[in-house]
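Coordinate analysis (summary)
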Amino acid sequence: MRRQLHGPLLALAPGGRSIVATMDARSIYERALARAAARVGGIEPLARRLGVPAARLTQWPPQQVQPDMAILLRLMEIVLDE
């Protein structure tokens, strides 16, 4: 039985060995997007700040397994910038 810790990518295997667990990339992107948008006043201001159309932030193609990493990193900068 594997027990997932509340940390980002850590889980414990039987015997206490640490292993990397995968997280849902869509969930991470959506959370970062929501927090960044809240910090700057909404999706439109966020899109202007990032220099991308708002649709690019809110429409993630279903066939795409991971979000646009450049945008995700820029979102994280906004979220972490205090």
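Summarised in this report is the structure supplied together with it. (Residues numbered from 1 in each chain as written. Predicted model: local features only at pLDDT ≥ 70, side-chain atom pairs only at ≥ 80, totals over all residues. Heavy atoms only, no water.)

Right, let's get into the overall build of the chain. Secondary structure summary: the chain contains four helices and three strands in total. Mapped from its N terminus to its C terminus, the chain presents α and β elements in the order β-β-β-α-α-α-α. Each of the 82 residues in the chain was classed as buried or not, and the buried ones make up 27%. When the accessible surface of the chain is split by element, carbon and sulfur atoms take 56% of a total near 5,900 Å². (Helix = DSSP H or I, 4+ residues; strand = E, 2+ residues; numbered from the N terminus. Buried < 20%, exposed > 50% of the residue type's maximum accessible area, 1.4 Å probe, protein only. Areas by Shrake-Rupley, 256 points an atom, 1.4 Å probe, with all protein chains shown as cover.)

Before going further, it helps to examine the packing of helix α2 (residues 43–50) against helix α4 (residues 69–80). Taken N-terminus to C-terminus, the directions of α2 and α4 make an angle of 115°; their axes are 11 Å apart at the nearest point. As summarised for this structure, α2 and α4 are arranged roughly perpendicular, according to the angle between their axes. Crossing of α2 over α4 shows right-handed handedness. Across the interface between the two elements, Leu 46, Arg 49 and Leu 50 of α2 pack against Arg 74, Leu 75 and Ile 78 of α4. Here the residues of the contact of α2 with α4 are counted per class, giving four nonpolar, no polar and two charged. (Axes fitted to C-alpha atoms, helices over the stretch in contact; angles between N-to-C directions. Parallel < 35°, antiparallel > 145°, perpendicular 65-115°, else oblique. Left-handed = near helix turned anticlockwise from the far one by under 90°. Contact = heavy atoms within 4.5 Å. Nonpolar A, V, L, I, M, F, W, Y, C, P; charged D, E, K, R; others polar.)

Residue position: Arg 39 is located in helix α1 (residues 25–40). Relative accessible area serves as the criterion here: at 43%, Arg 39 is assigned to the partly exposed category. For the pair Arg 39 and Val 79, spaced 40 residues apart in the sequence, the C-alpha separation amounts to 7.2 Å. Polar side-chain contacts of Arg 39 include one of 3.3 Å to the backbone oxygen of Val 79. (Polar contact = N/O pair within 3.5 Å; in protein donor to acceptor, adjacent residues only side chain to side chain.)

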